Amino acid sequence: MENQQEGPRREQSSPKGRFRTRRVVLASVAGGAVLGGVLVLLPWERPAEPAPPSPGAPAMAAVNAGVPAALPDLAELIDEREKRLRTRPRDARSWAVLGAAYVEQGRRLADPAYYPRAEKALRRSLEVRPKGNTRALAGLAALANARRDFPAARRWGEAALKLEPRRWTTYPLLIDAYTGLGEHAAAKRTLDRLTELRSGPAVLARAAAVYRERGWREDAAASLADAAAGARTPAERAAYLEQAGQLAWERGDLEDALRHFQEAVRLDPDQRAAQAGQGRALAALGRTTEALNAYRVALTKQPCPRYALELGELYESLGMPEAARVQYDLLRERVRGAAAGGADEELVLGQFEADHGDPRDAVRRLRAEWRRQPGTEVADALGWALHRAGRHEEALRFAVRATEGEHGGGEHGGGVRGAAYAYHRGMIERQLERYGAARRRLAEALRINPHFSPLHAPAARAALEALGEPPDEGVPEMDGEPG
């Protein structure tokens, strides 16, 4: 108590001290005001402008968030990291970032030459930092997915997840790997965990892919609409619009598909998947010249084997076999280039051989693909190749896997209700004289999308017409896999 009273007594006994203190404070305030006035008046003391973003910053943000990046931004990021690593060769994080950027660049350009560079950078990151390097492991998973090496993608993705179970950007990589392997239950469990950890456009887009694979097209379309609305950059929004356009195409809504594809290209002129999508939709709408131009532009900038197959079939449907052969030769060339970069394009090559080449070679290629990564698309392609090679009973088993999912074909099927899948199954059933089932499948294919292929949609209509109306009486045929 004595100490608490000391202060007030001293303050009262020292009025001069109080006056001096007050005078010092006033002088400080006045001086500050004058100085402030001077600072305001002197032009060289203006507040500094915000520093411009570092080169590649938008792409870095996209790569870190697992969303699509614009090609010019990716090029800037690659250039910036290459320069940085010349002076800091033991920067494990920069090696991992560079590798991930190479993967995205190769994927966007359909240029597998980037993939060996990506692998070298990512493995260098692991050499510099062998333990706890989640970023490099995730980069290797992304690289394996881009190469269509889904067993490796699963292995790298699970290793990354083990290190950091709450790192949400690893989950989409695993979803892609599980889907490619036909492990649809695992993909759905992984999606459920992802949605617990994170929300936002990237997660919605990944959910849409899972929903599509399981045949839930309305849910997929709703998720993609929300993803596009919430996208933060034009490149990201364009990627989601392209996927929405693909869904609209698959359900036969040509005008809606075309609108989505056109908007995607407007937002990101490097969105070549949307450009090829325009070609697909325009051809179905009878706007053939525009369709050919759209395909040509897409292939010039992104020579993807699948686009070459689509354009070749369009030329074939127009009675232009020589032009079709040019595209088929390009397809073979691009598949060889992909193999040189460690990428697997056996699926599209098998699909091509089944219809335009050697069906027995298609069976050999696709059977090996099925043993390695038994996804839904491979099941459909192998079933069709077996049918084309004259092995119809075995073909039906794979067609059922592709169209019926777990309920009809065991653990590998995804249950995609696509027009092409229904057409393939219907034609196989027709060959096996299961006419009722064939009639239902072919009608389903044309109901889903009457324009699903410039070659096969007319064949489906002709086959359905040849089957005629169903008989009034008789025992109904049973769908499903033969015993």
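Before any of the text, the structure's been laid out above.
Everything quoted here is computed from the prediction, not taken from an experiment.

**Some remarks on the nonpolar core**
For step 1, the next point in the chain: Ranked by size, the top nonpolar core spans 77 residues in total, and within it L98, L143, W156, L194 and Y240 carry the most contacts.
For step 2, the next point in the chain: When sequence neighbours within four positions are dropped, the list of residues in contact with W156 reads R123, L126, L137, L140 and A141.
For step 3, the next point in the chain: Counting 36 residues, the second largest nonpolar core, distinct from the first, contains Y421, A422, M427 and L467.

**Section: the environment of Q431**
For step 1, the next point in the chain: Summarising the element assignment, Q431 is placed in helix α23 (residues 419–431).
For step 2, the next point in the chain: By relative accessible area, Q431 is classed as partly exposed at 47%.
For step 3, the next point in the chain: For the pair formed by Q431 and G390, sequence separation is 41 residues and the distance between their alpha carbons is 9.5 Å.
For step 4, the next point in the chain: Not counting chain neighbours up to four residues away, the residues in contact with Q431 comprise H387 and H392.

**Things to note about the side chain of T403**
For step 1, the next point in the chain: With respect to the helices, strands and loops of the structure, T403 is situated in helix α22 (residues 392–409).
For step 2, the next point in the chain: Assessed through its relative accessible area of 4%, T403 is described here as buried.
For step 3, the next point in the chain: A polar atom in the side chain of T403 sits 2.9 Å from the side chain of R425.

**Concerning helix α10 (residues 184–197)**
For step 1, the next point in the chain: When the terminal C-alpha atoms of α10 are compared, their 20 Å separation across 14 residues agrees well with the 20 Å that a helix rising 1.5 Å per residue should span.
For step 2, the next point in the chain: Along α10, the residues classified as buried are H184, A186, A187, T190, L191, L194 and L197. On an axial view of α10, the arc spanned by its buried residues comes to 150°, and they lie on one face. Exposed and oriented more than 90 degrees from the buried face of α10 are R189 and E196.

**What to know about the side chain of R147**
For step 1, the next point in the chain: As for its position among the elements, R147 is in the loop between α7 (134–146) and α8 (150–163).
For step 2, the next point in the chain: Judged by relative accessible area, R147 falls into the buried class, the value being 12%.
For step 3, the next point in the chain: Leaving out residues up to four positions away in the same chain, R147 has contacts with Y115, P116, E119, G341, G342, A343 and D344.

**A short note on the packing of helix α5 (residues 92–109) against helix α6 (residues 114–128)**
For step 1, the next point in the chain: At a closest axis distance of 8 Å, the pairing of α5 and α6 adopts a crossing angle of 165°. As far as their axial angle goes, α6 and α5 are roughly antiparallel. For the pair α5 and α6, the sense of crossing is left-handed. Taken together, the residues of α6 that come into contact with α5 (itself represented by A92, W95, A96, L98, G99, A100, Y102, V103, Q105, G106, R107 and L109) are Y114, Y115, R117, A118, A121, L122, R124, S125 and V128.

**Comments concerning helix α14 (residues 254–267)**
For step 1, the next point in the chain: Its 14 residues give α14 an end-to-end C-alpha distance of 20 Å, which sits within 8% of 20 Å, the value for a rise of 1.5 Å per residue.
For step 2, the next point in the chain: Looking only at α14, the buried set comprises L254, D256, A257, L258, H260, F261, A264 and V265.
For step 3, the next point in the chain: The secondary structure elements touched by the buried residues of α14 are α13 (234–250) and α15 (272–284).

**Re the pattern of salt bridges**
For step 1, the next point in the chain: A complete count under the given rule lists 39 salt bridges for this structure.
For step 2, the next point in the chain: Residues E80 and R81 are paired through a salt bridge, measuring 2.8 Å at the closest nitrogen-oxygen approach. One exposure class covers both E80 and R81, and it is buried.
For step 3, the next point in the chain: When the shortest N-O distance is used, the salt bridge between E263 and R237 registers 3.6 Å. One end of the pair, E263, is in helix α14; the other, R237, is in helix α13, with 26 residues separating them in the sequence.
For step 4, the next point in the chain: Classification of E263 by relative accessible area gives partly exposed; the value is 23%.
For step 5, the next point in the chain: Three or more residues are tied together by salt bridges with common partners; here these are E404, R425, E429, R441 and E444.

**Focus: the packing of aromatic side chains**
For step 1, the next point in the chain: Counted under the stated rule, the structure contains six aromatic pairs.
For step 2, the next point in the chain: Judged by centre distance (6.2 Å) and plane angle (45°), the rings of Y102 and Y114 are tilted. Of the two residues, Y102 is situated in helix α5 and Y114 in helix α6; the sequence distance between them amounts to 12 residues.
For step 3, the next point in the chain: Taking the relative accessible area as the measure of exposure, Y114 reaches 14% and is therefore buried.
For step 4, the next point in the chain: Between Y211 and W216, the aromatic rings sit 5.8 Å apart at their centres with planes inclined by 35°, giving tilted as the arrangement.
For step 5, the next point in the chain: Overall, W216 belongs to the partly exposed group, its relative accessible area being 34%.
For step 6, the next point in the chain: Above the ring of Y102, the side-chain terminus of R117 is found at 6.0 Å from the ring centroid.
For step 7, the next point in the chain: In this arrangement the basic side chain of R117 is found over the ring face of Y114, its NZ or CZ atom lying 4.6 Å from the centre.

What counts and how
Residues numbered from 1 in each chain as written. Predicted model: local features only at pLDDT ≥ 70, side-chain atom pairs only at ≥ 80, totals over all residues. Heavy atoms only, no water. Core = buried A, V, L, I, M, F, W, Y, C linked by side-chain atoms within 4.5 Å. Buried < 20%, exposed > 50% of the residue type's maximum accessible area, 1.4 Å probe, protein only. Contact = heavy atoms within 4.5 Å. Helix = DSSP H or I, 4+ residues; strand = E, 2+ residues; numbered from the N terminus. Polar contact = N/O pair within 3.5 Å; in protein donor to acceptor, adjacent residues only side chain to side chain. Expected span 1.5 Å × (residues − 1). Arc of directions from axis to C-beta. Axes fitted to C-alpha atoms, helices over the stretch in contact; angles between N-to-C directions. Parallel < 35°, antiparallel > 145°, perpendicular 65-115°, else oblique. Left-handed = near helix turned anticlockwise from the far one by under 90°. Salt bridge = Lys/Arg side-chain N within 4 Å of Asp/Glu carboxyl O. Phe/Tyr/Trp six-rings, centres within 6.5 Å; stacked < 30°, edge-to-face > 60°. Lys NZ or Arg CZ within 6 Å of the ring centre and 35° of its normal.

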